[in-house]
Structure formats: C-alpha cells, structure tokens
Amino acid sequence: MKETILVALAAIRANALRSVLTTLGIVIGVGAVIAMVALGEGAQRRIQSQIERMGTNVLTVRPGQGFFRGVASGNRRLDEDDAYALRTELGHIYDIAPELESRLQVSYQRWNSSNSVVGTWPSYYDIYNHSMANGRWFDEGELQGRRRVAVLGANVPEDLGTPPGLLVGRTIQIRGIPFEVIGVLEEKGGAAWMQPDDQIFIPLSTAMYRVMGNRDRLRSIYVAAPSPEQLNAAWADIDRVVRRQHRLPPGEEADFSIQNSSDILQTFNESNETFTLLLAGIAGVSLLVGGIGIMNIMLVSVTERTREIGVRKALGATKTDILLQFLVEALVLCVLGGVLGVLAGVGGASLITRFASWDTVIAPQAVVIALIFSAGIGLFFGIWPARRAAILDPIDALRYE
Amino acid sequence: MEPQGVGTGNGKVVIRTQGLQKHYHLGAETVRAVQGVDLEIAAGEFVAIMGPSGSGKSTFMNLVGCLDTPTAGEYWLNGNKVSELSDDDLARVRNRDIGFVFQTFNLLPRATALHNVELPLIYAGTSARERKERATAKLVRVGLGDRMGHKPPELSGGQRQRVAIARALVNDPALLLADEPTGNLDSETSAEIMDIILELNRAGQTIVLVTHESDIARYATRQVHLKDGRVERDFLNEMVGV
C-alpha cells in the first residue's frame, strides 16, 4: 500500500501543474462548502446567543386578528385591563409587563433623532435583566402619577449628541413633550426582533394618556416565568386568564397569541437554514464539477500511461494492483484538494468575518465531512478510469504508441 | 505426435506445448496465427525462435510469455499447466517464472534504474530491504553498479537494455524471454548485449530469443523456425558463440 501511494504521489508530482489545476475544482468546492456552512453556523450561534440574552423564559402575548365568519373583526385587542387581570391572578408567580411602542421624534437642544419609544411597567426592567449605566429606572409611583420621566437605551445619548452622564436630570422632548431623563441603561446588544439599546422607556400610563393617545391597544404583554421549565404552565395560565378576559367560550379560536422567544426565533432559524442549505447546495454542485474534472484527468492519465500499464502487467501486476494504483492516485488528488479546500474555506470564512463582519463558526464536523466527501468523490470518479486501466490487455498496452 | 525434443539442456523441461493454437478475429476474418505447435524446451537451453513477419512468431511469443491464452492446445511452463489460467493467475506466473526483455526496453522513464529493476519484486510482495539488495546485485551483474540512481533518459540504449535484463533476472525466473532485444541497438552494442545473454545461458539460464536476424540467432544453441503458424525447422546450432 505504501508503494502504491508513493507511485501515486510520483505520478502527481510528474504532472504538477496539471494536478494543481485539476484539484482546483475540489479546492473551490470544498472551500465554498466550508465557508458557507461556517456562515450558516455563525448566524445560528448568533441567534442562539440572542435568545439567551433576551431571556429564554419570557412569553409574549400579542393581539391576534380575530375572525368572525371569515370577516376580520377589529375590536379584538389587548388592553391594559388584560395586563391588570394577568397581574392580579398570576402576579405572585410571574413578572408581567405590558408594552406600548411607537417610533417618535426625540430632541435635545439642537439634536434630533427618531427613536422607538416604549411605554411599559417598572417590572419590564427585571423581565429583560437590564442594568443601569447612569441614574435609575422609573418606579410604581411614577407609573401611577403618569409622570413624564424617561430612561434611555445605551445608544440614545449618542443620538442626542451628549454623554450619558450629562443627560441624566436634563429635559428632552418626545414628540415635543418635555420629559426628564432619569437614567441611561447599560448596553444590552440587540436581537433580530428588538434593539433595546436604541429605545427610550417611559411609564405606560404616561405613554397612553400623554404621548400616544391610542390608549387601549397594547403591542404586547410580556410574562416572565421564574425558569424556562415553567413556560408550559405559564402558557396555560395566560391562556386561561386572557380567554376569560375576552369572554371566549372554550373551543373558540383564541384572538391572541402566546409566543416564547424561541418561537419567534424559529422563523429566523428556518429561513436561515434554508439559506445555508441553498448556499451549501450551490457549493456542492461545484464539488461535483470538480469530481468530473478529476475523472477527466484520470482518463487522460490512463490513456497516456497505457504503455506503463502494459509494462507493469507484463512484470506481474494483477488487475487489482493496477486498479489500486489509479484509484489511489485519484484519491490522493481529491484528498489533497480537500485539505487545501478546508484551508481555503477557513481562510474565506475569516475574511468574511473581517470584512463583512458576519459571524462565522468553523464546525469541526463540517471539516471532517468535507474531507470524507472529497475522498468519496475521488473513489466515485476514480473507479471508472481505474477500471479501464485494470482491464487493459497487456499485449495491446505494450504495443500502444 | 510426440513433442520434439532436440534439447541440449540438463533434462528438466521448462516449456512444453502440445497442439498449441491461437486464432483471432479481424472483422469477419479468422486469423489462424498459430496452428498446432508442439515444442519442448529443456532447462538450460538457449533457443532462438525465427520466422518472417506473419509467421505467427509474435503470437507464439505472447503465448509462451503468458501474455495471452491459446485457443486450443496445452502449455506447461516450469511443470505447471498454464494454458487455462485466469488473467490474474497469468500475471502471477509472469511475475514468478518469466523475465521479459523487449525490443523497446519498456522501462518506466521517470523511475531510477534501481526502481525499474525492483518493479517485479514489488508485485511479488518482497520487502523493501530485500528488493534493494537483489536489484542491486542484478544491476552489478550487468555492469551498471554505478548507474543505479540514473533514470532511463539519462542512459544509452545499451545501458537501458542492460537495466531491462537486470529487471528480467531479478525474480530468478525459469525462463528469460527476449523479444528482438537488439532491434533498437547498433551492431556493436548488439554484440555487447548478446554477450551478456550468452553468458547468462552459460550460467544455466534458460533463454528463448525471438528474432528475425540470423546473426543474432546464431548466438543460440538451437533454432526453431516458424512459418504459417507451424514449426518449419528445429535444429541445433553447429557453432555456439561467434
């Protein structure tokens, strides 16, 4: 076997340029597969860390479009009473916070910015594990008093051209209404569906009665269970309370939805997976083309070396000896291409991370699979040329010019 | 018909053919290249097979060299019946019992002289150390001890043929089969090569030499002339060694 590999390496070295060009197909194919999978894996990891950051134990209740005999009825909504009902019944187990959100004009001195303004309850702070960089969060008294106080996300001071420390205690305008800045949040990092760093938080009552006006339509109500294991129980509890609030008879389709963060992410993940699969598929096609290139060059090699095959056979090489010789040559070419391809893929992935700042993760199993796959391509596309060599008639082969 | 035995050897039979025939098809035509050859060659003989082109000489040589199987008849090589073996078994017989010397040398151009000579031993499964030892010994024997690391393109025609002879001998075969070994050489180099072959025979090597040159055939101890696929004449050379 060692001899066979040495012979294969010698043959590859003898046609170095041709071997390199042939292998290029495999190199590019494997490299593309590795880079694409790394990209998909990176996106996956990022989303996973987003779930963890945004809380794995939070359920989101959203108003759903209600349908009555096929006609959308507009009066199905989530309001503050629903949130109070939930708090009355379940507040001893879960943290509950309704949310009203709107994108509004915010100004401070000569600075203007358009930000997402969130009206909510003080409990919101705990549900999302926020912490303060400066100042403090608003309290229950400020909620009851409909006070004009605002807490800024970590990026907002920059939008307003002022360091966070200097903003606390100052007055900013939200939709032209003066608000006192009482705190600035620690940077949180974003997720695909929410960017707390860019948001401004004010008491829900203030938002409803002083700023936004659409007083009884909540965007959502967040319910945080003490642990992810209690999510199912929480789901049932919420469903029961909100159904009663909406006077839905049992069996009637709900006019609201309860999602957990992983449900929301499911959608992102699915489209991400489809995308990765598509990219890897395209890369796989180039791997196939590379394999055909290998087969082509092996056929040329067999024809060129017909006389050598004749000599080897005359000297006692069996069919198996010749078959192995050419198969190992194809295999060595492909595995060599695979190894170079892995290097190219890892390099490509780190370039993507560096210049496009997309997360990439090189999964070791992707590397192993790519190598095994390229060896498989060597076997699959090498077997036919090798067989042609093996069944050559020694007399004809010796006579071949 | 009894196989003819005009042997000059020591009595042990290396080649015995009985009614050996080879037909093949060229389009609709059947070519009867060998039509019943009975021949016996004893160990230690040096036989020249002669004949004009079309005499079936090449086909006969392929049969004797186990590169081809006969259409009919039987062939014993070194005591084994080889006329009905499979391709792979024939490959093993060639590896073990036959050493080939070709007109065009047929060396691997990219391999060193040493590696070329080792080649039959690789297929015999000999260990690397023993291969090197034996190949070196044979190269020294043909006078190329100082050219072992050279590749064929760096060697003269005569030197290449000597590498080929060393390769043919490396498995200590029962039969050395030389097909026009001097066909590509000038007369001086031809004489050198024939002297080596003659010397091998004197050391006891059984040799079958296929040639169409009567000068070369005269080195042999016995001549077998083929015509139309049959043995036309079979006689001992009167003068051995020119």
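Our structure is the block above this text.
Below you will find a few notes about this structure. (Residues numbered from 1 in each chain as written. Chains lettered and ligands numbered in written order. Predicted model: local features only at pLDDT ≥ 70, side-chain atom pairs only at ≥ 80, totals over all residues. Heavy atoms only, no water.)

### What to know about the overall build of chain A
Okay, so step 1: A tally of regular secondary structure across chain A gives 14 helices and 12 strands.
Okay, so step 2: Computed over C-alpha atoms, the radius of gyration of chain A comes to 33 Å, more than 25% over the 21 Å expected from 2.2 N^0.38 for 401 residues, which places it beyond the range of a compact globule.
Okay, so step 3: Across the 401 residues that make up chain A, the buried fraction comes to 49%.
Okay, so step 4: Of all intrachain contacts in chain A linking residues separated by at least 6 positions in sequence, the fraction that spans at least 24 positions is 78%.
Okay, so step 5: About 19,200 Å² of surface is accessible on chain A, with carbon and sulfur atoms providing 57% of the total.
Okay, so step 6: For chain A, the centre of its 37 positive side-chain charges and the centre of its 40 negative side-chain charges are spaced 5 Å apart. (Helix = DSSP H or I, 4+ residues; strand = E, 2+ residues; numbered from the N terminus. Rg over C-alpha atoms; globule rule 2.2 N^0.38 Å. Buried < 20%, exposed > 50% of the residue type's maximum accessible area, 1.4 Å probe, protein only. Contact = heavy atoms within 4.5 Å. Areas by Shrake-Rupley, 256 points an atom, 1.4 Å probe, with all protein chains shown as cover. Lys, Arg positive; Asp, Glu negative; His and termini not counted. Charge placed at Lys NZ, Arg CZ, Asp CG, Glu CD.)

### Structural notes on the side chain of A:Ser374
Residue and element names in this part refer to chain A.
Okay, so step 1: Its place among the elements puts Ser374 in helix H13 (residues 364-390).
Okay, so step 2: Of the polar contacts made by the side chain of Ser374, one reaches the backbone oxygen of Leu371; its length is 2.9 Å.
Okay, so step 3: Look past the residues within four positions of Ser374 in its chain and what remains in contact with it is Ile26, Val30, Cys334, Val335 and Gly338. (Polar contact = N/O pair within 3.5 Å; in protein donor to acceptor, adjacent residues only side chain to side chain.)

### A few points about the pairing of strand E3 (residues 46-50) of chain B
All names here are of chain B.
Okay, so step 1: Most of E3 sits out of view: five of its five residues are buried.
Okay, so step 2: As defined by bridge partners, E3 adjoins strand E8 (residues 207-210) across four bridges and the pair is classed as parallel. What sits directly across from Ala48, in E8, is Leu209.
Okay, so step 3: As judged from the four bridges shared by E3 and strand E9 (residues 222-227), these two strands associate in the parallel manner. Looking across to E9, one finds that Val47 is bridged to Arg222. (Pairing = 2+ DSSP bridges.)

### Some thoughts on the sheet that holds strand E4 (residues 72-77) of chain B
Strand pairs in the sheet, formed through backbone hydrogen bonds, run parallel or antiparallel to each other.
Okay, so step 1: An order of E2-E1-E4-E5 (chain B) is seen for the four strands of this open sheet, with the pairing classed as antiparallel. Each edge of the open sheet is held by one strand with a lone partner, namely strand E2 (29-42) and strand E5 (80-81) of chain B.

### Regarding the packing of aromatic side chains
Any two aromatic rings considered together are summarised by their centre-to-centre distance and by the angle between their planes.
Residues and elements named next belong to chain A.
Okay, so step 1: Enumeration according to the criterion identifies 11 aromatic pairs over all chains in this entry.
Okay, so step 2: Measuring from ring centre to ring centre gives 5.1 Å for Tyr84 and Trp121, while their planes differ by 40°; the resulting arrangement is tilted. Taken together, the residues Tyr84 in helix H3 (residues 80-90) and Trp121 in the loop between strand E5 (111-120) and helix H4 (124-127) connect sequence positions 37 residues apart.
Okay, so step 3: The class of Tyr84 is partly exposed, set by a relative accessible area of 28%.
Okay, so step 4: For Trp121, a relative accessible area of 0% puts it in the buried group.
Okay, so step 5: With a centroid separation of 5.9 Å and 70° between ring planes, the pair formed by Tyr124 and Tyr222 is classed as edge-to-face. Of this pair, Tyr124 sits in helix H4 while Tyr222 sits in strand E11 (residues 220-224); the two residues are 98 residues apart in sequence, bridging distant segments of the chain. With respect to class, Tyr124 is no different from Tyr222; both count as buried. (Phe/Tyr/Trp six-rings, centres within 6.5 Å; stacked < 30°, edge-to-face > 60°.)

### A short note on helix H9 (residues 231-245) of chain A
Residues three or four positions apart in an α-helix share a direction because the helix packs 3.6 residues into each turn.
Residue and element names in this part refer to chain A.
Okay, so step 1: Its 15 residues give H9 an end-to-end C-alpha distance of 21 Å, which sits within 8% of 21 Å, the value for a rise of 1.5 Å per residue.
Okay, so step 2: Those residues of H9 not exposed but buried are Leu231, Ala234, Asp237, Ile238, Asp239, Val241, Val242 and Arg243.
Okay, so step 3: Taken together, the buried residues of H9 touch strand E1 (58-63), H3, E11 and strand E12 (256-260).
Okay, so step 4: In the segment just after H9, Arg247 is the residue with positive phi, at about 50°. (Expected span 1.5 Å × (residues − 1).)

### Observations concerning the environment of A:Glu158
Okay, so step 1: Mapped onto the elements of the fold, A:Glu158 is located in helix H6 (residues 156-159).
Okay, so step 2: Separated by 45 residues in sequence, A:Glu158 and A:Ser113 have C-alpha atoms that sit 9.9 Å apart.

### Some words on the sheet that holds strand E7 (residues 175-179) of chain B
Residues and elements named next belong to chain B.
Okay, so step 1: Spatially, six strands are ordered E6-E7-E8-E3-E9-E10 in an open sheet, and the strand pairing comes out mixed. Strands with a single pairing partner mark the edges of an open sheet, and in this sheet they are strand E6 (98-101) and strand E10 (230-236). The average undirected angle you get between the axes of adjacent strands in this sheet is 20°.
Okay, so step 2: Across the face of the sheet, helix H2 (residues 87-97) comes into contact with E6 and E7 while running at roughly 80° to E6. (Axes fitted to C-alpha atoms, helices over the stretch in contact; angles between N-to-C directions.)

### Here we look at the nonpolar core
Okay, so step 1: Counting residues in each nonpolar core, the largest one holds 69 residues, and the members touching the most others are A:Phe326, B:Ile15, B:Ile49, B:Phe60, B:Cys66, B:Tyr75 and B:Leu77.
Okay, so step 2: At nine residues, helix H12 (residues 319-356) of chain A tops the list of elements feeding residues into this core.
Okay, so step 3: Residues in contact with B:Cys66, not counting those within four places in the same chain, are B:Tyr75, B:Leu77, B:Val82, B:Leu90, B:Val93, B:Arg94 and B:Ile98.
Okay, so step 4: Counting residues in hydrophobic clusters, the runner-up holds 46 residues, among them A:Leu59, A:Ile96, A:Ala234 and A:Ile238. (Core = buried A, V, L, I, M, F, W, Y, C linked by side-chain atoms within 4.5 Å.)

### Some words on a positive patch on the surface
All names here are of chain A.
Okay, so step 1: There is a patch of like positive charges on the surface, built from Arg146, Arg147, Arg148 and Arg210.
Okay, so step 2: With respect to the helices, strands and loops of the structure, Arg146 is situated in the loop between helix H5 (140-144) and strand E7 (149-152).
Okay, so step 3: In this structure Arg146 comes out as partly exposed when scored by relative accessible area, which is 36%. (Patch = residues over 30% accessible without salt bridge, like charges linked within 9 Å, V, L, I, M, F, W, Y side chains within 5 Å. Salt bridge = Lys/Arg side-chain N within 4 Å of Asp/Glu carboxyl O.)

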